[in-house]
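This is what each chain is made of:
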Amino acid sequence: MADKRRLRALPGGAPERVRLIEVDFETADLADVLADFLADGGHGAAALHEEFVAKRRVWRFGLAPDEVGPLLERHGWAEREQVGVKP
């Protein structure tokens, strides 16, 4: 895979902490692939998620679909299509 060759070609090689997560964007959902990676022990990510998302509720991500357009407009952008959850 070309990405693996690029990582190996870095001066000194790729750092040990760098992991290539292979995903076919035409057949797989990136969120599912990353969730599987994290569930399999992605460098302590499961513990970090538990601490900062579940327990402390410090980090949350996501927007309600009706919040996207107004947010983008405030920054001079426009929503062209909503591909999130459909009612």
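Heads up: the structure comes first, above all this text.
A brief structural summary. (Residues numbered from 1 in each chain as written. Predicted model: local features only at pLDDT ≥ 70, side-chain atom pairs only at ≥ 80, totals over all residues. Heavy atoms only, no water.)

1. Focus on the overall build of the protein
What counts, and what does not: Runs of H or I in DSSP of at least four residues are treated as helices and runs of E of at least two as strands, each being numbered from the N terminus. Relative accessibility under 20% of the residue-type maximum defines a buried residue, over 50% an exposed one, and the middle range a partly exposed one, all with a 1.4 Å probe and only protein chains included. Note on definitions: a residue-residue contact is assigned when non-hydrogen atoms from the two residues lie within 4.5 Å. Only the protein chains shown count as cover for residues, and the accessible areas themselves come from Shrake-Rupley with a 1.4 Å probe.
Looking only at helices and strands, the protein has 4 helices and 0 strands in total. Of all 87 residues assigned to the protein, the portion counted as buried reaches 7%. The long-range share in the protein, meaning contacts at least 24 apart out of those at least 6 apart in sequence, stands at 6%. On the protein, roughly 7,900 Å² of surface is accessible, and the fraction owed to carbon and sulfur atoms is 56%.

2. Structural notes on a nonpolar patch on the surface
The condition that has to hold: Like charges within 9 Å and nonpolar side chains (Val, Leu, Ile, Met, Phe, Trp, Tyr) within 5 Å are joined into patches, using only residues over 30% in relative accessible area that form no salt bridge. The term salt bridge refers to a pairing of a side-chain nitrogen on Lys or Arg with a carboxyl oxygen on Asp or Glu at a separation within 4 Å.
Taken together, Phe 25, Leu 30 and Leu 34 make up a surface patch of nonpolar side chains, about 280 Å² in accessible area. Along the polypeptide, Leu 34 turns up in helix α2 (residues 30-39). With relative accessibility at 34%, the residue Leu 34 sits in the partly exposed group.

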